[in-house]
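Examining the three-dimensional arrangement
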Number of protein chains: 2
Amino acid sequence: VIDLRAIESAATRLQGTAIHTPLLQSGELNEVAGGCVLIKPECLQLTGSFKIRGAFNCLTRLSAERARNGVVAWSSGNHAQGVAAAGGMLGIATTIVMPADAPRAKLDNTRRLGGEIITYDRYDEDRELIAKRFAAERGCALVPSYDHDDIIAGQGTVGLEIANEAHALGLPPQQVLIPCGGGGLSSGCAVALQSKFPNTSIVVVEPVAFDDTARSVAAGKRLRNAEDARSICDALQTPTPGERTFPIIQKRVNSVLTVTDGEVMNAMRFAFQYLKLVVEPGGAVALAAVLAGKIETTHRTSVIVLSGGNVDIEMFADIQQAQFR
Amino acid sequence: VIDLRAIESAATRLQGTAIHTPLLQSGELNEVAGGCVLIKPECLQLTGSFKIRGAFNCLTRLSAERARNGVVAWSSGNHAQGVAAAGGMLGIATTIVMPADAPRAKLDNTRRLGGEIITYDRYDEDRELIAKRFAAERGCALVPSYDHDDIIAGQGTVGLEIANEAHALGLPPQQVLIPCGGGGLSSGCAVALQSKFPNTSIVVVEPVAFDDTARSVAAGKRLRNAEDARSICDALQTPTPGERTFPIIQKRVNSVLTVTDGEVMNAMRFAFQYLKLVVEPGGAVALAAVLAGKIETTHRTSVIVLSGGNVDIEMFADIQQAQFR
């Protein structure tokens, strides 16, 4: 069970490793929102996304014996970089199963951080099967990207930092908006935030084509996304909520919002122009929801998590300049 | 005279207005530098640069009578936005004399923040004369962009924050690299930093075509830049060091470095790719100096100030993609 203590322990383990990212504010965003919006920029985190938090927490918890054989993970790119970086810091060999069409920056960085990469076809092959076969052959541990208590606790440190800093600022948030793929970040943050602020509303945001969490919450059971679903949010293309994450989301998440690719691109432009932050598509969905008016933000304090910034320059430039066409 | 007390008073006035920007770190930058590099990202400051610090400090110090007539300033864009925003917060009317070819984002934002704009030709007209004539006609106060004690003290809060946070982190900096135009930021930061860390080396960085500070320090007197000098660093195109700033720089600055436009562009690409920060050309010169190996950074703690992020998307995209051509 993930409780505040597990998250606080993860925070202690992460000290001196992950960056304690600040809460930022923007005059322009506050003006658009008609209220106070605190920004948690995990794009500024080491490896360009929050994923190193869970990966590092998970790897430090391995026994020396298990660590010796290395670890394997599958990931579209951010978890890959987190696992590779954490492995490098801890001296644990890492192998990552990644889609062949992952953003080049994510592939390059994973390799540079010391990860061995096995590529697969995102739409034809089963990454889980490839990773599990590899793990069995080599006797190494699997590091899931979200469906594991140590991962959830690690990602929950994002929520813990938000809670502590919002408290210090005297700005208890009425609502916190969190990008949601498999739900590791959302569920961990929900636990941390509601432990400190029981009345804070937890809102998760998904791409409209990957609205498995919205449908699963409505149905009361875990549903899958369509096989042919597509989105520019490569970081949020998970098939279904996790076994471990879904019960937490069911219990704690107050609403699930969806955003279109166009709304995401608009948010990336806003982040460039006014926040001076490079945000990747999947990292921009919470900002997109606020800018698109999908949630009431007037006369209250909201927090948005910008979960990552790993985007190739070609796509970034195209998205930025699309508004002028 | 600017002393630590003047800067601490400015910091008190700025509380709740300017953002206390964090010190960030990047694994990639530390690796390139071979040492620890702390990043002070003033591109994340309100209005996208540090300039609001000095402007707000200066405007709060006006008598009610003087404030009633409004203020006038000249600026290529960042000081313009700082003055306009500070005026908006304090209910003081602001007029800004800006070059007609200033980045569109800077012109648009100044207007949006409530500043009245008077444009002039950067290479043919004297902005100082235009502003002074306007001030005389309307009886309003001039807000210089660097050559004023209240401005220097306000910008010095950047150095104060660096000193306090580096102390808290247990990482006293051996050297701090600061972008230098007229010297308001450099001189204020030098005073604050050396009050706390007397042995910290203060290094200022200029575009190679605007090396007035380097030459002035060498000559022992204020020299001017060539009339036909050009640089992509629009924020650092000042004609000569200030009367108030130069004596401080002479006394406190340990070395002056220069960087080329190419080195600046390289730094902007690094900031996009690894720091996930949007940095404008003039804001990137300190990072450029580190990346180009213009200063020893191995086995020591350095701090770099990224002073602003106001850059048009067309120029940003061109610079980012230049490496792939």
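Above this note sits the structure.
Note that the structure is a prediction, hence the values are computed from the model and not measured.

Side note on the overall build of chain A
- On a plain count of helices and strands, chain A comes out with 14 helices and nine strands.
- With the C-alpha coordinates of chain A rotated into their principal frame, the extents come out at 55 × 45 × 40 Å.
- Looking at chain A alone, contacts between residues at least 24 apart form 74% of all its contacts between residues at least 6 apart.
- When the accessible surface of chain A is totalled, it reaches about 12000 Å², and 47% of it is carbon and sulfur.

Looking at the sheet that holds strand S7 (residues 201-207) of chain B
Residue and element names in this part refer to chain B.
- Read across the open sheet, the five strands follow the order S1-S9-S6-S7-S8; overall the sheet is parallel. Of all strands in the sheet, those with a lone pairing partner are strand S1 (36-41) and strand S8 (253-259), marking the two edges. Sheet twist, expressed as the mean angle between neighbouring strand axes with direction ignored, is 25°.
- As paired elements, strand S6 (residues 175-179) and S7 share five bridges and run parallel to each other. Bridge pairing in S7 places Leu177 opposite Val203.

As for the interface of chain B and chain A
- Residue-level contacts link 31 residues of chain B with 30 residues of chain A.
- If you sort the residues of chain B by the area they bury against chain A, Phe272, Lys276 and Ile313 of chain B come out on top, with a joint share of 27%.
- The tally of links between chain B and chain A comes to two salt bridges.
- In this structure, the salt-bridge partner of Glu28 of chain B is Arg112 of chain A, at a minimum N-O distance of 2.8 Å.

Some details on the pairing of strand S7 (residues 201-207) of chain A
Residues and elements named next belong to chain A.
- Buried residues dominate S7, accounting for seven of its seven residues.
- Neither face of S7 is left uncovered, since the one carrying Ser201, Val203, Val205 and Pro207 and the one carrying Ile202, Val204 and Glu206 both have all their residues buried.
- Taken together, the six bridges between S7 and strand S8 (residues 253-259) define a ladder with parallel strand orientation. Bridge pairing in S8 places Val204 opposite Val256.

Examining the relation of the copies chain B and chain A
- At an RMSD of 0.0 Å, chain B and chain A line up after a rotation of 180° and a shift of 0.0 Å along the axis. With respect to symmetry, the two chain copies, as superposed, fit the operation of a two-fold axis. Residue Leu277 of chain B, judged by its C-alpha, is the member of chain B lying nearest the rotation axis, at 2.4 Å.

Some remarks on the packing of aromatic side chains
- Overall, the coordinates contain seven aromatic pairs over all chains when judged by the stated rule.
- Aromatic pair Phe270 of chain A and Tyr274 of chain A: ring centres 4.9 Å apart, planes at 55°, arrangement tilted. Separated by four residues within a single helix, Phe270 of chain A and Tyr274 of chain A lie in helix H12 (residues 261-275), roughly one turn from each other.
- Owing to a relative accessible area of 23%, Tyr274 of chain A belongs among the partly exposed residues under this scheme.
- Through a chain of ring-to-ring contacts, three or more aromatic side chains come together here, namely Phe272 and Phe316 of chain A together with Phe272 and Phe316 of chain B.
- A cation over a ring is seen here: Arg230 of chain B above Tyr123 of chain B, with NZ or CZ 3.6 Å from the ring centre.

What to know about helix H6 (residues 104-112) of chain B
- Ala105, Lys106, Leu107, Asn109 and Thr110 of chain B are the residues of H6 of chain B that are buried.
- Those residues of H6 of chain B that are buried lie in contact with H12 of chain A together with helix H5 (78-90), strand S3 (94-99) and strand S4 (116-120) of chain B.
- Directly after H6 of chain B, the chain includes Gly114 of chain B, whose backbone phi takes a positive value near 105°.

Here we look at the pattern of salt bridges
- What the rule picks out here adds up to 30 salt bridges over all chains.
- The salt bridge partner of Lys106 of chain A is Asp234 of chain A, with a shortest N-O separation of 2.5 Å. Remark: Asp234 of chain A occurs in the loop between helix H10 (212-219) and helix H11 (245-252) and Lys106 of chain A occurs in helix H6 (residues 104-112); sequence separation between them is 128 residues. Across the pair, exposure class does not vary: Lys106 of chain A and Asp234 of chain A are buried alike.
- The shortest N-O distance in the salt bridge between Glu280 of chain B and Lys106 of chain B comes to 2.8 Å. Highlighted residues: Glu280 of chain B in the loop between helix H12 (261-275) and helix H13 (285-291) and Lys106 of chain B in helix H6, separated in sequence by 174 residues. One exposure class covers both Glu280 of chain B and Lys106 of chain B, and it is buried.
- The network of salt bridges with common partners includes Lys40, Glu42, Arg53 and Glu161 of chain A.

About the thresholds
Residues numbered from 1 in each chain as written. Chains lettered and ligands numbered in written order. Predicted model: local features only at pLDDT ≥ 70, side-chain atom pairs only at ≥ 80, totals over all residues. Heavy atoms only, no water. Helix = DSSP H or I, 4+ residues; strand = E, 2+ residues; numbered from the N terminus. Contact = heavy atoms within 4.5 Å. Areas by Shrake-Rupley, 256 points an atom, 1.4 Å probe, with all protein chains shown as cover. Pairing = 2+ DSSP bridges. Axes fitted to C-alpha atoms, helices over the stretch in contact; angles between N-to-C directions. Buried area = accessible area lost by both parts, 1.4 Å probe. Salt bridge = Lys/Arg side-chain N within 4 Å of Asp/Glu carboxyl O. Buried < 20%, exposed > 50% of the residue type's maximum accessible area, 1.4 Å probe, protein only. Least-squares fit on C-alpha atoms with pLDDT ≥ 70 in both. Phe/Tyr/Trp six-rings, centres within 6.5 Å; stacked < 30°, edge-to-face > 60°. Lys NZ or Arg CZ within 6 Å of the ring centre and 35° of its normal.

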